[in-house]
2 protein chains.
Amino acid sequence: MVQSKYLTGDSAAINEFLDKFDVFLFDCDGVLWSGDRLFEGTVETLELLRSKGKRVVFVTNNSTKSRQDYQKKLTGMGIPSEVEEIFASAYSSAIYISRILKLPEPRNKVFVLGESGIEQELRTENISFIGGTDPSLRRDITPADFAGLADGSMLDSDVGIVLAGLDFHVNYLKLAMAYQYLRRGAVFLATNLDSTLPMSHTFFPGAGSISVPLVNMTGQKPTALGKPSQAMMDAIEGKFRLDRARTCMVGDRLDTDIQFGIEGGLGGTLAVLTGVSKKEQWEAEDAAFVPAYYVDKLSDLRGASS
Amino acid sequence: MVQSKYLTGDSAAINEFLDKFDVFLFDCDGVLWSGDRLFEGTVETLELLRSKGKRVVFVTNNSTKSRQDYQKKLTGMGIPSEVEEIFASAYSSAIYISRILKLPEPRNKVFVLGESGIEQELRTENISFIGGTDPSLRRDITPADFAGLADGSMLDSDVGIVLAGLDFHVNYLKLAMAYQYLRRGAVFLATNLDSTLPMSHTFFPGAGSISVPLVNMTGQKPTALGKPSQAMMDAIEGKFRLDRARTCMVGDRLDTDIQFGIEGGLGGTLAVLTGVSKKEQWEAEDAAFVPAYYVDKLSDLRGASS
């Protein structure tokens, strides 16, 4: 059985841990903050890592925000950051489409189920798209739509990709359109497959619950571009040219963050106990994913400098 | 291996078949008509059965229509019928809630994801409900909604059931509300689980694609009140006091209609070749459901009277 090493309060072990890595990939909610409450010591811990020359990357499945939007959120939380340190699933999706999928023109347009963050990142990569926040699709389906979708006259024949993220404006018309594009052979992508969105101490429908009707209708599963999908890890590696052996994933969820790091073959994974997963989960006999290290809270890493 | 008996052109076999049953349960689309085209001989075949004293019941998973609505559809197609001969999934759901589930007051209100057909049938059974076609829910979710759903102030504490059918006006707000009711322990029902709605020679999202985000979020599966769920068969049996041994299910789909009849222990099942399933499917070695009888088309049953 794999053991997880507990670092809290052990200065020697923390120093040894920090020396092993050049890059730290951070999940955010549950690690740096919870909801709208910044954890004490978050800023100082990030500063400590930067002062030791470590690269810090914020990795989030949030698909409604572009990197610019997300940086504003970090700033709002009091966390200094650069846009280039942020890797969100909308950006991950844009990178995947433009640099990995590379469909030939003209059939490389994207039909978007999602919000403006996705649109901003697609524009950054010069990817043409329709759908998204288009106000003309924020309405009830009509008899003319049923006919126009059935005979294809309402469809754009250049669409070769359906990208589904979190869409607060999802409706029957957009789902019916996305389905018709998939039926006509479009590639099925999802920013991420989180079934729920944690918010206000409860849950709301997540991006995975926007794409799941399409999975149900087509029997196809989308390629996901968020954690724990390795398509996201590949995109991160491509962008930052990181050495996986010298990279550590930090997160609070075994089945997204820690799985993401382990399946990505990173040099290490660090779990924090300030979020979703509990120590008992990875100490269980049948634990699927065991973090290499864990701390009670992220700021325990500052113990090294004391 | 079970063999399916082919009746087309065999008068003696048809007479023997007809003598075995008192009640015929009919699937409609693909059996009586296709899309908006009535099959030749449908009306005459139904008349033949009625003239022989057979009871005819139209069994449909259509959840957007009440029985009254559906009778208008039958009349519009040129098929004489009585409301009492119609058994649709909205009605099936209302019957299940009022006569089988019977939750104690006051926590027996229904939150509806669906159209007016469901509401009409719930009213017929004196079941109180919210949601459905309520225009105040046909809008975007707001920050106040996130807060009001999280703290429960926007929720009706009398809701003890979530009923999901086909909703052409599905949106994020309604899905978020339904999820909160399920999270608070509401019973999860679905009129039916058809992933798609056949229309205009293609497919659109079906009732099962409206409820599937809730399945994805909660990990719970709803009790379905449409074919092939036996909850629907129980409701039909309760209403018509039929003798299952003397009842035959007629349909075009192996995995809904024929499965429904076989699992219901009916005396027989009759497949027609004018719809979705093909003969090769039940002649396959690994066929899960084999109809007891089949004809090329429903009107071949008239061969008996020639």
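Residues numbered from 1 in each chain as written. Chains lettered and ligands numbered in written order. Predicted model: local features only at pLDDT ≥ 70, side-chain atom pairs only at ≥ 80, totals over all residues. Heavy atoms only, no water.

1. Here's the deal with the UniProt feature "binding site: Mg(2+)" (unreviewed entry) in chain A
All names here are of chain A. Here the UniProt-annotated "binding site: Mg(2+)" (unreviewed entry) positions come out as D27, D29 and D252. A stretch of 226 residues holds the annotated residues, and the largest C-alpha distance among them is 8.3 Å, short enough that they meet in one place. Inspection of the secondary structure puts D29 in the loop between β2 (23–26) and β3 (33–34). With a relative accessible area of 34%, D29 lands in the partly exposed category. Discounting residues that sit within four places of it in the chain, D29 has contacts with S34, G35 and D252. Within the local environment of D29, its side chain forms a polar contact with the backbone nitrogen of G35, the two atoms lying 3.1 Å apart. Assignment of secondary structure puts D252 in the loop between β14 (247–251) and α10 (254–263). On the basis of relative accessible area, D252 is assigned to the buried category, the value being 4%. When near neighbours in sequence (up to four residues on either side) are disregarded, D252 contacts D27, D29, G30, V31, D257, V272, G275, V276 and S277. (UniProt positions renumbered as here; feature names shortened; annotations may be inferred. Helix = DSSP H or I, 4+ residues; strand = E, 2+ residues; numbered from the N terminus. Buried < 20%, exposed > 50% of the residue type's maximum accessible area, 1.4 Å probe, protein only. Contact = heavy atoms within 4.5 Å. Polar contact = N/O pair within 3.5 Å; in protein donor to acceptor, adjacent residues only side chain to side chain.)

2. Focus: the domain arrangement of chain A
Residues and elements named next belong to chain A. Taken domain by domain, chain A consists of domain 1 (5–61 + 228–305) and domain 2 (90–224). Put simply, the middle of domain 1 and the middle of domain 2, counted by C-alpha atoms, are 31 Å apart. At the interface, six residues of domain 1 touch seven residues of domain 2. Contact between domain 1 and domain 2 buries roughly 720 Å² in total, counting both sides, with carbon and sulfur atoms accounting for 54%. Looking at the side of domain 1 that touches domain 2 residue by residue, the class counts come to three nonpolar, two polar and one charged. (Domains from an automatic or database assignment. Buried area = accessible area lost by both parts, 1.4 Å probe. Nonpolar A, V, L, I, M, F, W, Y, C, P; charged D, E, K, R; others polar.)

3. Describing the relation of the copies chain A and chain B
When chain A is fitted to chain B, the best match, at an RMSD of 0.0 Å, comes from turning it 180 degrees and sliding it 0.0 Å along the axis. Taken together, the turn and the small shift mark the pair as related by a two-fold rotation axis. The position closest to the rotation axis in chain A is occupied by the C-alpha of N171 of chain A, lying 2.6 Å away. Take the interface residues of chain A: 100% of them recur as interface residues in chain B, which is what a same-surface contact looks like. (Least-squares fit on C-alpha atoms with pLDDT ≥ 70 in both.)

4. Some points on helix α5 (residues 116–124) of chain B
All names here are of chain B. Three or more residues of α5 are buried, namely G117, I118, E119, E121 and L122. Buried residues along α5 sit in contact with α3 (67–76), α4 (89–101), β7 (109–113), β8 (129–131) and β9 (159–164). Directly beyond the C-terminal end of α5, a positive phi value near 55 degrees is found at N126.

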